[in-house]
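# Coordinate inspection notes
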Amino acid sequence: MGKIIISENVSLDGVVQDPTGEEGFRRGGWALQMGDKDREAWAKHLLDEALGAEALLLGRRSDAWFAARWLPRSGDWADRLNSLPKYVVSATLQEPKWSNSTAFKGRVLKGDVVDEVSKLKQELDGDIVVYASGQLVHTLMEHDLVDELRLTMFPVVLGVGERLFGEISNKKPMRLINTRTVGDGLAFLTYQPVKDT
């Protein structure tokens, strides 16, 4: 059975908006303001995560953004990301953008998100990683489909911006299962939802 893994870069105050500064957010680019040692450790950390993934699950906009950014690249990290199977949640998209002729083309999940993701978890074994995709993350959290949260915390407080978690119908207790430092300044926190007993 597959596990839904939310993997996010987050400011200390929970902002996920525009970490690279390409979306026009006035405080964007916050994830790129790190030293070389942190950048190198962060890239290795993300490569290791990609190597351990079975597939990627994305929203339509994230699929297009990642495609534009990663398809032209090469190297271990880019090659792994580009070759992973991709599942894109969208009511309007016909074919995922982030694919290539030699890799798995991907699949668009068009039905009810909860049903489609539940089926996907049954079909696949291993980690199904969700990058970015804020609206999708909210839906997955709301319907208890998330098996693990992996948060890379950047040492910056932004004060404004879209947060990782929006309003939900009920509290979602989490259990911290791992912490470690990435480079000199980033914290990597892993949580699992506490399931009702």
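Higher on the page you've got the structure.
These notes cover the structure that comes with them. (Residues numbered from 1 in each chain as written. Predicted model: local features only at pLDDT ≥ 70, side-chain atom pairs only at ≥ 80, totals over all residues. Heavy atoms only, no water.)

The next thing to look at is the pattern of salt bridges. Once their charged atoms are close, side chains differing in charge can pair, the charge on each being opposite to the other. The tally for this structure, following the rule as stated, stands at 10 salt bridges. We note a salt bridge from Arg 150 to Asp 127, for which the minimum N-O separation is 3.1 Å. Here Arg 150 is found in strand β6 (residues 148-154), whereas its partner Asp 127 is found in strand β5 (residues 126-131), with 23 residues between them in sequence. Given the relative accessible area of 15%, Asp 127 is considered buried. Counted as one network, the salt bridges with shared partners bring together Lys 3, Glu 49, Asp 127, Glu 148 and Arg 150. (Salt bridge = Lys/Arg side-chain N within 4 Å of Asp/Glu carboxyl O. Helix = DSSP H or I, 4+ residues; strand = E, 2+ residues; numbered from the N terminus. Buried < 20%, exposed > 50% of the residue type's maximum accessible area, 1.4 Å probe, protein only.)

This part takes up helix α3 (residues 76-83). Within α3, the full set of buried residues consists of Ala 78, Leu 81 and Asn 82. Across the axial projection of α3, the buried residues extend over an arc of 95°, all falling on one side. Against the buried residues of α3 lie α1 (36-51), β2 (53-59), α2 (60-70), β3 (86-89) and β5. (Arc of directions from axis to C-beta. Contact = heavy atoms within 4.5 Å.)

Relative to the elements of secondary structure, Tyr 87 occurs in strand β3. By relative accessible area, Tyr 87 is classed as buried at 6%. Once the C-alpha coordinates of Tyr 87 and Gly 134 are considered, the two residues, 47 residues apart in sequence, prove to be 15 Å apart.

With six of its seven residues buried, β2 lies for the most part within the structure. Pairing between β2 and β5: four bridges, direction parallel. Bridged to Ala 53 within β5 is Asp 127. Both β2 and β3 contribute to a ladder of four bridges, which runs parallel. Within β3, the residue paired with Leu 57 across the bridge is Tyr 87. (Pairing = 2+ DSSP bridges.)

Okay, the packing of aromatic side chains next. Overall, the coordinates contain seven aromatic pairs when judged by the stated rule. With a centroid separation of 6.1 Å and an interplanar angle of 90°, the aromatic rings of Trp 42 and Trp 77 are classed as edge-to-face. Remark: Trp 77 occurs in helix α3 and Trp 42 occurs in helix α1; sequence separation between them is 35 residues. Looking at Trp 42, the relative accessible area reads 13%, which means it is buried. Look at Phe 66 and Tyr 131: their rings are 5.9 Å apart centre to centre, the planes differ by 45°, and that puts the pair in the tilted class. (Phe/Tyr/Trp six-rings, centres within 6.5 Å; stacked < 30°, edge-to-face > 60°.)

Located in the positive-phi region is Asp 18, a residue other than glycine, with phi close to 50°. As for its placement among the helices and strands, Asp 18 is situated in the loop between β1 (2-11) and α1. The phi dihedral of Asp 144 falls on the positive side, at around 55°, and the residue is not glycine.

In this structure, Ile 4, Ile 6, Leu 57, Tyr 87, Leu 120, Val 130 and Leu 140 are the most contacted members of the largest nonpolar core, which totals 25 residues. Those elements giving two or more residues to this core turn out to be β1, β2, β3, α4 (113-123), β5, α5 (134-142) and β6. Setting aside residues no more than four positions away along its own chain, Val 130 makes contact with Ile 4, Ile 5, Ile 6, Ser 7, Leu 57, Leu 136, Val 137 and Leu 140. Leu 58, Phe 66, Leu 84 and Tyr 131 belong to the second-largest nonpolar core, a separate cluster that totals 14 residues. (Core = buried A, V, L, I, M, F, W, Y, C linked by side-chain atoms within 4.5 Å.)

Let us look at the side chain of Asp 18. For Asp 18, which is buried and forms no salt bridge, the nearest opposite charge comes from Arg 69, at a distance of 8.6 Å. A polar atom in the side chain of Asp 18 sits 3.0 Å from the backbone nitrogen of Glu 23. (Lys, Arg positive; Asp, Glu negative; His and termini not counted. Polar contact = N/O pair within 3.5 Å; in protein donor to acceptor, adjacent residues only side chain to side chain.)

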